[in-house]
Number of protein chains: 2
Amino acid sequence: MTTATASGRTLAHPEPGEIRLEAVLHALADPMRMRIVRDLAREEGAELPCSHFRLPVTKSTSTHHFRVLRENGVIRQIYRGTAKLSVLRRDDLDALFPGLLDSVLAAAARQAERLGTDEA
Amino acid sequence: MTTATASGRTLAHPEPGEIRLEAVLHALADPMRMRIVRDLAREEGAELPCSHFRLPVTKSTSTHHFRVLRENGVIRQIYRGTAKLSVLRRDDLDALFPGLLDSVLAAAARQAERLGTDEA
DNA sequence: GCCGTACTACGAGGTCTATCGTACGAGCAG
DNA sequence: CTGCTCGTACGATAGACCTCGTAGTACGGC
């Protein structure tokens, strides 16, 4: 439980009603972002810092991808100390688009297995 | 090239094994293309000519979007006379990514209803 | 107070995308 | 054959996107 040590730094997230399907699909259409989402889904409910994901890109690019995921309503991000923790917005997504996230994740897992592209 | 033998102008489609999830998601992330796919799904199995879709763009742009859908494995296209008919590749998509197409279509329908953006 | 860590902001480069307009080829109706 | 309709191809333009590097801010420990 993140006891919101709230430092005043707050990040803008779309309301559930603001989340658009095209935006979510677009966010998931990038391999790097799909990888992040898959990692988050694997540790359901876990709040992971950006540095936990060993992405093969620079930190600037990571920031960009996390921002896209957040602004499109796929993840939620909060600050805690110097770290920024990310969580999948499964509840909101499931409420808006039932079954979508699960089938996308299943499809990604299946394709990763098929192509042997399964990363950590 | 398009060295078409008069009766059988054939179009290149990806094999089922060539269809990539990111590509499918990317194809569906565009409102114009999502609209095409929804129309096709609504008349399941039907072969509809491009002209059936009254898209608010020029013909060049339509051609472009249909091409993207075809090259990414979402639809199949065949010539018949002067018309080019399009069909949803539901069988292949369902085999590759079970449930994906249905949940995306359901999500699109739900969002259209929510936003009152239902066209057609 | 000072420094290291974690992440951000801004700008730039290169690529991709969506859109259009115009010109062309393929088929069908006279 | 002549024209008409359907769709394609090519070129161009404007905008978005992914990537990076550098400089900067917030936080925690010394």
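Residues numbered from 1 in each chain as written. Chains lettered and ligands numbered in written order. Predicted model: local features only at pLDDT ≥ 70, side-chain atom pairs only at ≥ 80, totals over all residues. Heavy atoms only, no water.

Looking at this model, I keep getting lost on the interface of chain B and chain A. Mind explaining?
Interfaces are often sized by the accessible area lost when the parts come together. With 25 residues of chain B at the contact, the number on the chain A side is 25 residues. The contact between chain B and chain A buries some 2000 Å² in all, and 64% of this surface belongs to carbon and sulfur atoms. In terms of surface lost to chain A, no three residues of chain B exceed B:Leu25, B:Gln111 and B:Arg114, which account for 24% of the buried area on that side. Joining chain B to chain A, the criterion identifies 0 salt bridges. Counting across the interface, chain B meets chain A through 9 residue pairs in polar contact (both at pLDDT 80 or more). Counting only elements with at least two residues in the side of chain B that touches chain A, the list comes to α1 (21-28), α2 (31-42), α4 (90-96) and α5 (100-115) of chain B. No other element matches the 9 residues that α5(B) contributes to the side of chain B that touches chain A. Its residues assigned to classes, the side of chain B that touches chain A comprises 16 nonpolar, 5 polar and 4 charged. (Contact = heavy atoms within 4.5 Å. Buried area = accessible area lost by both parts, 1.4 Å probe. Salt bridge = Lys/Arg side-chain N within 4 Å of Asp/Glu carboxyl O. Polar contact = N/O pair within 3.5 Å; in protein donor to acceptor, adjacent residues only side chain to side chain. Helix = DSSP H or I, 4+ residues; strand = E, 2+ residues; numbered from the N terminus. Nonpolar A, V, L, I, M, F, W, Y, C, P; charged D, E, K, R; others polar.)

Can you help me understand empty space enclosed by the protein in this one?
By rolling a water-sized probe across the atoms, one finds the places where empty space is left. Residues and elements named next belong to chain A. Within this structure, the stated rule accounts for 2 cavities of 30 Å³ or more. There is about 40 Å³ of room inside the largest cavity. If you trace the largest cavity, you find it lined by Val-24, Leu-28, Leu-93, Phe-97, Leu-100 and Leu-101. Only α1 (21-28) and α5 (100-115) provide two or more residues apiece to the lining of the largest cavity. A per-class count over the lining of the largest cavity returns 6 nonpolar, no polar and no charged. There is about 30 Å³ of room inside the second largest cavity. (1 Å grid on protein atoms, 1.4 Å probe; cavity = no way out; pocket = protein on both sides within 12 Å on 5 of 7 lines; lining within 4 Å. Points joined across faces, edges and corners; volume = space filled by probe spheres on them.)

I keep staring at the relation of the copies chain B and chain A and nothing clicks. Help me out?
Two chain copies here: they are related by a rotation about an axis and a translation along the same axis. Mapping chain B onto chain A calls for a rotation angle of 179° and an axial translation of 0.1 Å; the resulting RMSD is 0.1 Å. The operation mapping one copy onto its partner corresponds to a two-fold rotation axis. Of all interface residues in chain B, 100% are interface residues in chain A too; the two copies therefore contact each other through one and the same surface. (Least-squares fit on C-alpha atoms with pLDDT ≥ 70 in both.)

Looking at this structure, how should I read the confidence of the model for chain A?
Detailed reading of the predicted coordinates is not advisable wherever pLDDT is low. Residues and elements named next belong to chain A. Across chain A, the average pLDDT comes to 89, with 90% of residues at or above 70. When pLDDT is averaged over each helix and strand of chain A, the minimum, 92, is found for strand β1 (residues 48-49) and the maximum, 98, for α1. Segment residues 1-8 is flagged for pLDDT under 50; beyond a separation of four residues in sequence, or across chains, it makes 5 contacts in the model. (pLDDT = per-residue confidence, 0-100.)

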